[in-house]
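# Tertiary structure, described
Next come the chains, spelled out residue by residue.
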Amino acid sequence: MARTQHRTTAAQDRRSATMRRALRREAAGTVGLLADPADFAAMRRYRTFTFDDHTAYLRQIEAVLRSLAAEGAHTTVALFDPKEYAEFCADHAIDPDSPAARSRFTAELARTGATVAYAGQPIAHLVPQLVSRAVRNATRDYATMLLAELGACADCGQDIGRAAFDRASHLLLRLLQGAGPGTHHLVCSTPARDDHLLAVLHTEQAAPPTEPDAPGPPTVLSPDHATEFATVLAVGVALDSRGGVVLRSMLPGAPDRVHGWRLVGGSLVPLTEAEVFAAYCTDADTGDPLAPEPGVQYRAGFDLGADEPEPHR
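All values derive from a computational prediction rather than experimental measurement.

A tally of regular secondary structure across the protein gives nine helices and 10 strands. Taken over 313 residues, the protein has a buried fraction of 36%. Within the protein, contacts between residues at least 6 apart in sequence are counted, and of these 62% link residues at least 24 apart. Split by element, the accessible area of the protein, about 18000 Å² in all, is 55% carbon and sulfur.

Below is the structure:
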């Protein structure tokens, strides 16, 4: 009787362990990462933060991520900022010198901060991805704030920021339509008060269909990145900044093509071929000429059409 009960208990324990492992594979997690050596040094003032070497710390982070991935767990990595951490602890009246506080802050980062999904990439690739994500988030938030601060038009009551975003979205659509098939890399640059905003968008578009009634070619792009791009472009439209857009198009077996536009009065005005060449072949810091990139054709910007909505004034 006792042996039978013991065997039953052991079987239940094994089944419980199996169930816990299965549940663990379905539980998503977040790991906070101190990507910058200066941020790492700032965390060393806490007694419970036991690491003393940033390189060794990054190796241990990578080992933890690999271990979680081997268990089948989905993990995101969040950029851990010591200053934001201290403010978070002060706002919530919690002791910052504890693993529990760092864990609580990391959980908050999963909801609001810059994160990158871990997919087995080396830590040397993960860190730049995370920093780039943080920069994109900061740019988007700042551009959104600028548009929101513009308020409503005193004459017609229209929301100026919303009107600028709608126009920028229309301009982006015309750019993508005019780009045609291929892989496209767009960069929007515009000054904005005390900062200079930069947005990047990567798209892929298939060749047009051969059947006359078939739908148009699909465009593959990230909706989030498209929104970020349109938001930065909208700032230039709303503030009438002297920004610009550059489009680089790539097709297999053909030279890369580069087109450019300047932002004038809420419109994208095509640059000439000579202006595109000069922009690409001039050092932005020194003004010195640069050698043309091999295998690249510098082309004038194409016309975006006359049916654009009028910019709000």
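Where helix 4 (residues 82–91) contacts helix 5 (residues 99–112), the two axes come as close as 10 Å, and the packing angle between them is 105°. One way to sum up the angle between helix 4 and helix 5 is to call them roughly perpendicular. Along the contact surface, helix 4 presents Glu 84, Tyr 85, Phe 88 and Cys 89, while helix 5 presents Ala 101, Arg 102, Arg 104, Phe 105 and Glu 108. Class assignment of the residues belonging to the contact of helix 4 with helix 5 gives a composition of five nonpolar, no polar and four charged.

Attention now goes to the environment of Pro 255. Here Pro 255 is to be found in the loop between strand 7 (244–250) and strand 8 (256–264). Residue Pro 255 is classed as partly exposed on the basis of its relative accessible area, which comes to 39%. Linking Pro 255 and Val 296, residues 41 residues apart in sequence, is a C-alpha distance of 5.5 Å. If we ignore the near neighbours within four places in the chain, the residues touching Pro 255 are Ser 249, Gly 295 and Gln 297.

A word on the packing of helix 6 (residues 123–149) against helix 8 (residues 223–239). At a minimum axis separation of 9 Å, helix 6 and helix 8 run at an interaxial angle of 40°. The orientation of helix 6 relative to helix 8 falls into the category oblique. Here the hand of the crossing between helix 6 and helix 8 comes out left-handed. Where helix 6 abuts helix 8, its residues Arg 133, Arg 136, Thr 139, Arg 140, Ala 143, Thr 144, Leu 146 and Leu 147 lie against His 225, Glu 228, Thr 231, Val 232, Ala 234, Val 235 and Ala 238. Its residues placed into classes, the contact of helix 6 with helix 8 shows seven nonpolar, four polar and four charged.

Calculation criteria
Residue positions are given per chain, counted from 1 along the sequence in the order it is written. Only residues with pLDDT of at least 70 are given local features in this predicted model, and only at 80 or more are side-chain atom pairs given and counted; all residues enter the totals for whole chains, interfaces and linings. To get the side-chain values, all heavy atoms of the structure are used, and hydrogens and water are removed first. Each helix corresponds to a stretch of at least 4 residues labelled H or I by DSSP, and each strand to a stretch of at least 2 residues labelled E; elements are numbered beginning at the N terminus. When a residue's accessible area, from a 1.4 Å probe over protein chains only, is under 20% of the maximum for its type it is buried; when over 50% it is exposed; and in between it is partly exposed. The contact rule is simple, with two residues in contact once any of their heavy atoms fall within 4.5 Å. The Shrake-Rupley method, run with a 1.4 Å probe, gives the accessible areas here. Residue values count only the displayed protein chains as cover. Under this scheme, a helix contributes an axis fitted over its contacting stretch, all axes are lines through C-alpha atoms, and angles between N-to-C directions fall in the 0 to 180 degree range. An angle below 35 degrees is treated as roughly parallel, one above 145 as roughly antiparallel, one from 65 to 115 as roughly perpendicular, and anything else as oblique. Residue polarity is assigned by list, with Asp, Glu, Lys and Arg as charged and Ala, Val, Leu, Ile, Met, Phe, Trp, Tyr, Cys and Pro as nonpolar; anything else, Gly included, falls into the polar class. Each crossing gets its handedness from the near helix: less than a right angle anticlockwise from the far helix is left-handed, clockwise is right-handed.

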